[in-house]
Amino acid sequence: MKKIISGVVITMVLLGCTQDKTKSNQNSQETEILTSETSVQINKDKNTIKERFSAPKDYQWQQEKSDSFGYFIENFKLKPYGSQILRYDDSPISTQHLHEAVFDIDTGNKDLQQCADAVIRLRAEYLYKIKKTDDIKFHFTSGHLLSWNDYKNGTRAFVNGNSVNFRKTADFDDSYQSFRNYLDLIFNYAGTISLNKETKPVLKNSDLKTGDILITPGSPGHVVFIAGVCKNKEGKKLFLLSEGFTPAQSIHLLSNPFQKNISPWYDLDVNASETKTARYIFEPTNFRSF
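Residues numbered from 1 in each chain as written. Predicted model: local features only at pLDDT ≥ 70, side-chain atom pairs only at ≥ 80, totals over all residues. Heavy atoms only, no water.

1. Remarks on the overall build of the protein chain
- Along its length, the protein chain carries eight helices and 14 strands.
- Sorting the 290 residues of the protein chain into buried and exposed places 54% on the buried side.
- Accessible surface for the protein chain amounts to roughly 13400 Å². Of this, 47% is attributable to carbon and sulfur atoms. (Helix = DSSP H or I, 4+ residues; strand = E, 2+ residues; numbered from the N terminus. Buried < 20%, exposed > 50% of the residue type's maximum accessible area, 1.4 Å probe, protein only. Areas by Shrake-Rupley, 256 points an atom, 1.4 Å probe, with all protein chains shown as cover.)

Written out as structure tokens, the structure is:
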């Protein structure tokens, strides 16, 4: 279970993402009345998001700059088609019919990498890969900031109740294992509230891009991220959505049970009063960007 710091915040923050019940069950019930099948071509032998999922008829994939977070996500390696979502202990979750792909990335062996953490993980891996290590820094829910640069130079967090102190107690270590240890520490103390504060709002549909997030901060809370964008000649966009969940489990790309004719693509609107995804309803709609 995650540890959370700070007086008032401790009563607000989600210890992980919301459990796969309540709102997600409402979603499941609604899917029963939608029976049309997708017309989207799924290339089951391909192993990246962009290669596996074709755009719907009259739409084209949006080009991403090769050094962008969006390019990193849409070209991220996937596990073979049909792979199950696994918990951190390698056991399958009970709901296996609401996803279309599983990212080929470890979840760790502790219940840490949940919904906000999945976004943090991919963002950090992207910055690590392009060697922008100065930008790898995340806040705890309490507001305390810990950067990868500080951690690799030996700085560690010491938590006592609501108090957090940072001291240099370890030798320099910039190995990938040290990086993963840093992220596990962030996962333990960060969440949807801190992630919401670290991002800025997206106010126009035309500005939505791969790598942006849809988030409900708090307790309960949840977050999904845009994993692909396509557009037609009129400028209308459709989107792929991915997420982590609780307990910590495989990062996965969601199907769209509400518009099966375009699944797994979603028709999204930043001005909608609510946004339904396969396993969660976001109310209000809150798109944000790094």
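2. A few points about the pairing of strand E6 (residues 163–168)
- As defined by bridge partners, strand E5 (residues 155–160) adjoins E6 across six bridges and the pair is classed as antiparallel. Counterpart to Asn160 in the pairing with E6 is Ser163.
- Turn length for the E5-E6 hairpin, with the two strands adjacent in sequence and antiparallel, is two residues, and the turn residue Gly161 shows positive phi of about 65 degrees. (Pairing = 2+ DSSP bridges.)

3. With respect to helix H7 (residues 176–189)
- Helix length check: H7, at 14 residues, gives a terminal C-alpha distance of 20 Å against a target of 20 Å (1.5 Å per residue), a fit within 8%.
- Judged by how many residues are buried, H7 sits mostly within the fold: ten of 14 residues are covered.
- Those residues of H7 that fall on the buried side of the exposure criterion are Ser178, Phe179, Arg180, Tyr182, Leu183, Leu185, Ile186, Phe187, Asn188 and Tyr189.
- Tucked into the core, H7 has its buried residues touching helix H5 (115–129), strand E3 (137–139), strand E4 (145–147), helix H6 (148–152) and E5. (Expected span 1.5 Å × (residues − 1). Contact = heavy atoms within 4.5 Å.)

4. Points about the layout of surface pockets
- Reported here for the largest pocket is a volume of approximately 320 Å³.
- His97, Leu98, His99, Glu100 and Ser255 are, among the 18 residues lining the largest pocket, the residues nearest its centre.
- Residue classes in the lining of the largest pocket are distributed as four nonpolar, eleven polar and three charged.
- If you add up the space inside the second largest pocket, you get close to 170 Å³.
- Every residue along the wall of the second largest pocket is listed here: Arg123, Leu127, Asp135, Lys137, Phe138, His139, Leu145, Glu198 and Phe290.
- Of all the elements in the fold, those that place two or more residues in the lining of the second largest pocket are H5 and E3.
- At three residues, E3 tops the list of elements feeding residues into the lining of the second largest pocket.
- Considered class by class, the residues forming the lining of the second largest pocket number four nonpolar, one polar and four charged. (1 Å grid on protein atoms, 1.4 Å probe; cavity = no way out; pocket = protein on both sides within 12 Å on 5 of 7 lines; lining within 4 Å. Points joined across faces, edges and corners; volume = space filled by probe spheres on them. Nonpolar A, V, L, I, M, F, W, Y, C, P; charged D, E, K, R; others polar.)

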